[in-house]
Amino acid sequence: QQQLFGRFKISPSQIFFRTKHSFALVNLRPLVEGHVLVCSTRVTPLLSDLDPDEYIDLWMTVRSVQDALKRQYKCHSFNVAVQDGREAGQSVPHVHVHILPRHDGDFERND
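Now for a look at the structure at hand. (Residues numbered from 1 in each chain as written. Predicted model: local features only at pLDDT ≥ 70, side-chain atom pairs only at ≥ 80, totals over all residues. Heavy atoms only, no water.)

**Points about the overall build of the protein**
In terms of helices and strands, the protein carries one helix and seven strands. Taken from N to C terminus, the helices and strands of the protein fall in the order β-β-β-β-β-α-β-β. In terms of overall dimensions, the protein is globule-like: its C-alpha atoms have a radius of gyration of 14 Å, near the 13 Å expected for 111 residues. Taking the principal axes of the C-alpha coordinates as reference, the protein spans close to 35 × 30 × 25 Å. By residue count, 40% of the 111 residues in the protein fall in the buried class. As displayed, the protein offers around 7200 Å² of accessible surface, 51% of which is attributable to carbon and sulfur atoms. Each charge class in the protein can be summarised by its mean position, and for the 13 positive and 13 negative side chains these summaries are 6 Å apart. (Helix = DSSP H or I, 4+ residues; strand = E, 2+ residues; numbered from the N terminus. Rg over C-alpha atoms; globule rule 2.2 N^0.38 Å. Buried < 20%, exposed > 50% of the residue type's maximum accessible area, 1.4 Å probe, protein only. Areas by Shrake-Rupley, 256 points an atom, 1.4 Å probe, with all protein chains shown as cover. Lys, Arg positive; Asp, Glu negative; His and termini not counted. Charge placed at Lys NZ, Arg CZ, Asp CG, Glu CD.)

**Concerning the sheet that holds strand S7 (residues 96-102)**
What holds strands together in a sheet is hydrogen bonding between their backbones, with the strands either parallel or antiparallel. Spatially, S3-S4-S5-S7-S6 is the arrangement adopted by the five strands of the open sheet, whose pairing is antiparallel. Only two strands of the sheet have a single neighbouring strand rather than two, namely strand S3 (15-18) and strand S6 (77-81). Strand after strand, the sheet turns through a mean of 20 degrees between neighbouring axes, direction not considered. Relative to strand S5 (residues 36-40), strand S4 (residues 22-26) is paired through five bridges, and the arrangement is antiparallel. From the neighbouring strand, Ala 24 faces S5, where its bridge partner is Val 38. Against the sheet, helix H1 (residues 52-73) contacts S3, S4, S5, S6 and S7, and its axis sits at roughly 25 degrees relative to S7. (Pairing = 2+ DSSP bridges. Axes fitted to C-alpha atoms, helices over the stretch in contact; angles between N-to-C directions. Contact = heavy atoms within 4.5 Å.)

Below, the structure is given as structure tokens:
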């Protein structure tokens, strides 16, 4: 079954984690190694569009994916970010959470 990310078709092989209301995939334009996205299954642009079950599932999925990334990338710190709407810089109008594993020195300037 093909999943949409905004208007983009995502093949099942690109999805590495799935729940009832969320899925996770590797970012095609990663800022750091291991940069992934956790997305709502339902295509909607804003966090406030999610019903309570979808919202809770999204954030529980973020936590589960972070646990997997800790093991895979041997890290203990993350950037976790949401651009909630076009004016916030959201390039794909679909709720998604960026998770970036972080290590000392991975960016020259890190503030």
